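One-letter residues, chain by chain:
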Amino acid sequence: MNRTVIVIIASLIAALYLTILNVWHPLIGIGVVEKNGDVVVNDLYEFGWAKKHGIHIHDQVLKVDGKPPLSHFTVREYKTIEQAKTITIQRENQIQTLTVDYRSHGTEQWLYYIILPAGFFLFAVRLSIFLLRLRPDNNSATVLIYLLLSAGLCYISASLSAKQSLFGRQIFSGVFFMLPPLFLHFVYNYFEKEKKIWFAKKIVFSLYGFNFVMFVASLISLSFRSISEAEVLLATFFINMVIILALLGKGFVDLKKDEQQNTVKGLLLAIGLSAAPFVLFYSLPVLIIGKWVLPAELTVSFLFALPIVFFYLMATDQLFQLQFSIERLKYFGLFALLPSFFMMIVYNQLIHHSSKWAELVVLFSVVYIIVLATFYIKEWLDRKWRAKLRMQKHFYQESLYRISEQLKKQRTVEGVMYCLEKELQEILDVEKIDMMQSINEPPSFKYNQAHWANIVKKINGAPLSIGRVMEHRSLFVVFIGSFRQTTLWLVGKKKQPIYFHTEQKDWLSAIVYYTSMTMENMLKVEDLLKELDRLKEKEHSISFTRLMFQWSERERKKLAIDLHDTLLQDLILLRRKVENLLVQPLYVEDIQKQLNDIDEEILNVIDVTREICHELRPPFLSQMGLKQAITQLIDRFHLRTNIKVEWNVHIQVKLGEEQELAIYRIIQELLNNAVKHSQASTIQLVLDTQDEAVQLRYVDDGTGIEMEKLNHHHGNLGLFGIKERVQGLGGTCKITSSHGSGLEITITIPL
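All figures in this text were calculated on a predicted structure; none of them were measured in a lab.

Trainee: Please set out the overall build of the protein residue by residue, giving values where relevant.
Mentor: Scanning the protein for helices and strands turns up 24 helices and 15 strands. When each of the 751 residues of the protein is scored for burial, the buried share is 44%. In the protein, the proportion of contacts linking residues at least 24 apart, taken out of those at least 6 apart, comes to 64%. A total accessible area of about 41600 Å² is found for the protein, and carbon and sulfur atoms account for 59% of it.

Quick look at the structure:
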């Protein structure tokens, strides 16, 4: 079993055990002091059980779990009362015994000590599993998984550590000291892979060593009451934050004008949002004045920002080059704002009035996450149960759009049929689906013969039309079409003998019609390719020869226009200048000057001729390889423009001739587009191989384009042609821009 999988499972087991302990032992929150042999309450924690159950400062503690208080280990060791089942107190002449059990958790304790830590850990585990599937052998992804799991265990064990649990304190201390070096280790591994590292690896190991020493010091501090364990933890955490922020700040400066600077910004944001509240409002005040401004429970809840920022970085392709959209997250997130704000106001005004803004912020965050999760759960349930419900029209419209997009990507008839079957099973409440070439043959699944006979009778008595739905009880049949003298039928069996309603029939007819057109066009393309191959093999094929000559003439026409507009005009101008030299009487100095001018213009014509030859077929591509060809292309680009091109090529595998030519042409078109339209001063080009694909990233600081115009091809035929070329190679082209904010293009071509 993979080591990372074992770590995830072990973390889950540890987190479950810690959570059970947290549920079993509420935070009592009593600080005591010994006076003349008596144990007296001298402090009550704000979120503790004691403050909610009528215990006051100066109350005398008579017994803990039925024994003298000094015999209880938390009273003896930490001057607190925790992990007790019963507490007997005396106030004046009244003696009262109170019971502490798992039902004694207050609302704040359930929220801060159980729900939020468990929720954070589950979020971290989900993101870790996602990373494991995405990058199973990536070192930086593995370290990030360890970081997220450690942060989750630290959050859960912190609650138990506050209750003076020995196991919880040991887990918390060990994991707490691991977090900063793990974070720095992840930063090093990630940027080392990107070849953008700016600090030595020995700094990472030095931080591991420093934190290990401080961990030992925290254990030793238990024996010395002059130095508290909390002070060691907080001082170490503060030192770690200073080191990490200093290194990230250096990276931010060193990676100026590099696309990886955005990743550093994201990491700084993750540190700032997750750790800054704890440092500024708890850690530093405790170290300086001995009292916190905000309780640790509130500040630590901002730890949720850590996985959220990492998720955002991945979703926006700034981490691990993920390619998926977060538009749905933005959409749901916007709608979750209003109910979250409303719930916060209602809770504050009607249920529990609070003037502490931090509590309200935490409440808002919790409600916001719950509402956001509810939207995603609803979407999942809609997709799972929509077949059993009378769904609204827009669900079927969404399905039509989805299957049309899927059908465009298919290259085989089998792939088309798979898409159709998958969509039917997802939308309709069907038990079995079968594709048949003859309606006179029985289906492959079990069926009622009388119902089938009724269906066949309906089919034989009605004209065939593509997409027509015929059904009887639990059976239904749809005619897909005739392909190469073979008919194709879709036969299905419903789970319930209920007739389709009108919207379902219209939807079913539409997707079958889409499928039929796709298959028909696919077969026509196959026939055309076979015909071309057949014509090509014949020595005297009139049709094929005619087709080739038409294509050749079109290319010659394009070349003739280019030559007429460039070389021919320059040569005519040169001839006129030579005629003037022959006719006009001139001094030797004037002749020499004009000859020098003509010589320079001839050199320009030679350069233009070379440029046209490069346009037709770059010689460096076949002779010296892609990298050298790109070098020559950019050098020529620098000669004729003032635009600075910063570029990197890291191709570690041998590319095919078609792929090399396509990449060269794409870069050529991007540079031409920059000269004609962008008004840019700087261009960044990065070409490398990642996960069995070639990725080209282009960024400029020009005027940008309006995406709506690009989508409608107005004035951007060059970029549209790039998209078509990339799609022809089975790749993807992602264009991001807005008017006035530059252009960013990411192209991925599979190897």
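Trainee: Report on the packing of helix H5 (residues 139–162) against helix H6 (residues 166–193), specifying residues and quantitative values.
Mentor: Relative to each other, H5 and H6 sit at 155°, their axes nearing to 8 Å. The angle between H5 and H6 falls in the class roughly antiparallel. Remark: the crossing between H5 and H6 carries left-handed chirality. Here the residues of the contact of H5 with H6 are counted per class, giving 18 nonpolar, 8 polar and 1 charged.

Trainee: Can you lay out the pattern of salt bridges for me, pointing to particular residues and giving the numbers?
Mentor: The full count for this structure, using the stated rule, is 8 salt bridges. A salt bridge links glutamate 471 to lysine 494; its shortest N-O distance comes to 2.4 Å. With glutamate 471 in strand S8 (residues 469–472) and lysine 494 in strand S10 (residues 486–494), this residue pair connects regions lying 23 residues apart in the sequence. On the accessibility criterion, glutamate 471 (4% relative accessible area) is buried. One salt bridge in this structure joins lysine 505 and glutamate 471, with 3.5 Å as the shortest N-O distance.

Trainee: Before we move on, can you summarise the sheet that holds strand S12 (residues 682–689) with the specific residues and values?
Mentor: Strand order in the open sheet formed by 5 strands is S11-S12-S13-S15-S14, and the pairing between neighbours is mixed. Looking at the sheet topology across the chains shown, the edges are occupied by strand S11 (644–650) and strand S14 (732–737). Direction aside, neighbouring strands of the sheet carry axes that sit 10° apart on average. Where S14 lies against strand S15 (residues 743–750), 6 bridges are found, and the strand directions are antiparallel. Across the sheet, lysine 734 pairs through a bridge with threonine 746, a residue of S15. Those strands touched by helix H21 (residues 626–640) are S11 and S12, and its axis lies near 180° from that of S11.

Trainee: Account for the environment of aspartate 429, naming residues and giving values.
Mentor: Examined against the element boundaries, aspartate 429 turns out to sit in the loop between helix H15 (413–427) and strand S7 (430–436). Along the primary structure aspartate 429 and lysine 494 are separated by 65 residues, whereas in three dimensions their C-alpha atoms are 6.1 Å apart.

Trainee: Can you tell me about the packing of helix H1 (residues 3–24) against H5, naming the residues and giving the values?
Mentor: Helix-helix packing is characterised by the crossing angle of the two axes and by the distance between the axes. As a packed pair, H1 and H5 sit with axes 9 Å apart at the nearest point and diverge in direction by 10°. With respect to H5, the element H1 is oriented roughly parallel. Judged by residue contacts, Arg3, Thr4, Val7, Ile8, Ser11, Ala14, Ala15, Leu18, Thr19, Leu21 and Asn22 of H1 engage Thr142, Ile145, Tyr146, Leu149, Leu153, Ile156, Ser157, Ser159 and Leu160 from H5. Per-class residue counts for the contact of H1 with H5 are 12 nonpolar, 7 polar and 1 charged.

Trainee: Before we move on, can you summarise the sheet that holds strand S4 (residues 80–81) with the specific residues and values?
Mentor: Strand order in the open sheet formed by 6 strands is S4-S1-S2-S3-S5-S6, with antiparallel pairing between adjacent strands. With one partner strand each, in any of the chains shown, S4 and strand S6 (94–99) form the two edges of the open sheet. For strand S5 (residues 86–91) and S6, the ladder comprises 6 bridges, and the chain directions are antiparallel. In the sheet register, isoleucine 89 faces S6, and the bridge partner there is glutamine 96.

Trainee: How would you explain helix H7 (residues 201–220) if you had to name every residue and give the values?
Mentor: Between its first and last C-alpha, H7 extends 29 Å over 20 residues, near the 28 Å set by a 1.5 Å rise per residue. Among the residues making up H7, those that are buried are Val204, Leu207, Asn211, Met214 and Ser218. Each buried residue of H7 sits inside an arc of 90° when the element is viewed along its axis, so together they form one side. In H7, the exposed residues that point more than 90 degrees away from the buried face are Lys202, Phe212 and Val213.

Trainee: Any details on the confidence of the model for the protein? Residues and values, ideally.
Mentor: Mean pLDDT over the protein: 78, with 81% of residues reaching 70 or higher. When the elements of the protein are averaged for pLDDT, helix H20 (residues 619–623) gives the smallest value, 60, and H1 the largest, 90. Within the model, pLDDT remains below 50 along residues 321–326, and this stretch shows 22 contacts once partners closer than five positions in the same chain are excluded.

Trainee: An account of the packing of aromatic side chains is needed here, citing residue identities and associated values.
Mentor: Inspection of every chain in the model, using the stated rule, returns 14 aromatic pairs. Taking the centre distance of 5.0 Å and the plane angle of 65° together, the rings of phenylalanine 191 and tryptophan 198 count as edge-to-face. For the pair shown, phenylalanine 191 and tryptophan 198 are each scored as buried. With a centroid separation of 4.8 Å and an interplanar angle of 55°, the aromatic rings of phenylalanine 479 and tryptophan 489 are classed as tilted. With phenylalanine 479 in strand S9 (residues 475–483) and tryptophan 489 in strand S10, this residue pair connects regions lying 10 residues apart in the sequence. Among the residues examined, phenylalanine 479 registers a relative accessible area of 6% and is labelled buried. We classify tryptophan 489 as buried; its relative accessible area is 4%. By the ring-pair criterion, three or more aromatic residues cluster together here, those being Phe186, Tyr188, Tyr190, Phe191, Trp198 and Phe199.

Conventions adopted
Starting afresh in each chain, residues are numbered from 1 along the sequence in its written order. This being a predicted model, a pLDDT of at least 70 is required before a residue's local features are given, and a value of 80 or more before pairs of side-chain atoms are given or counted; all residues contribute to the totals for chains, interfaces and linings. For side-chain calculations, the full set of non-hydrogen atoms in the structure is used, while hydrogens and water are omitted. Where helices and strands are cited, they refer to DSSP runs of H or I of at least four residues and of E of at least two residues respectively, numbered from the N terminus. Here's how the labels work: a residue is buried when its accessible area is under 20% of the maximum for its type, exposed when over 50%, partly exposed in between, all with a 1.4 Å probe on protein chains only. The contact definition used throughout considers only heavy atoms, calling two residues in contact when any of these lie within 4.5 Å. Surface accessibility in these figures is a Shrake-Rupley result with a 1.4 Å probe; residues are shielded only by whichever protein chains are displayed. Every axis in this analysis is a line fitted to C-alpha atoms, fitted for helices over the stretch in contact. Angles between the N-to-C directions lie between 0 and 180 degrees. These descriptions rest on fixed angle ranges, namely under 35 degrees for roughly parallel, over 145 for roughly antiparallel, 65 to 115 for roughly perpendicular, and the rest for oblique. If you view the pair so one helix is near and one far, a crossing is left-handed when the near helix is turned anticlockwise from the far one by less than a right angle, and right-handed when it is turned clockwise. Each residue is assigned to one of three groups, with Ala, Val, Leu, Ile, Met, Phe, Trp, Tyr, Cys and Pro labelled nonpolar, Asp, Glu, Lys and Arg labelled charged, and all others, Gly among them, labelled polar. Every case where a carboxyl oxygen of Asp or Glu lies within 4 Å of a side-chain nitrogen of Lys or Arg is listed as a salt bridge. Here a strand pair is declared whenever DSSP counts at least two bridges between the two strands. Helix span, as expected, comes to 1.5 Å for every residue beyond the first. Note: the arc covers the axis-to-C-beta directions of the helix. Think of pLDDT as the predictor's per-residue confidence, scored from 0 to 100. Any two of the Phe, Tyr and Trp rings considered here, Trp counted by its six-membered ring, make a pair once their centres fall within 6.5 Å; the pair's planes then place it as stacked at under 30 degrees, edge-to-face at over 60, or tilted in between.

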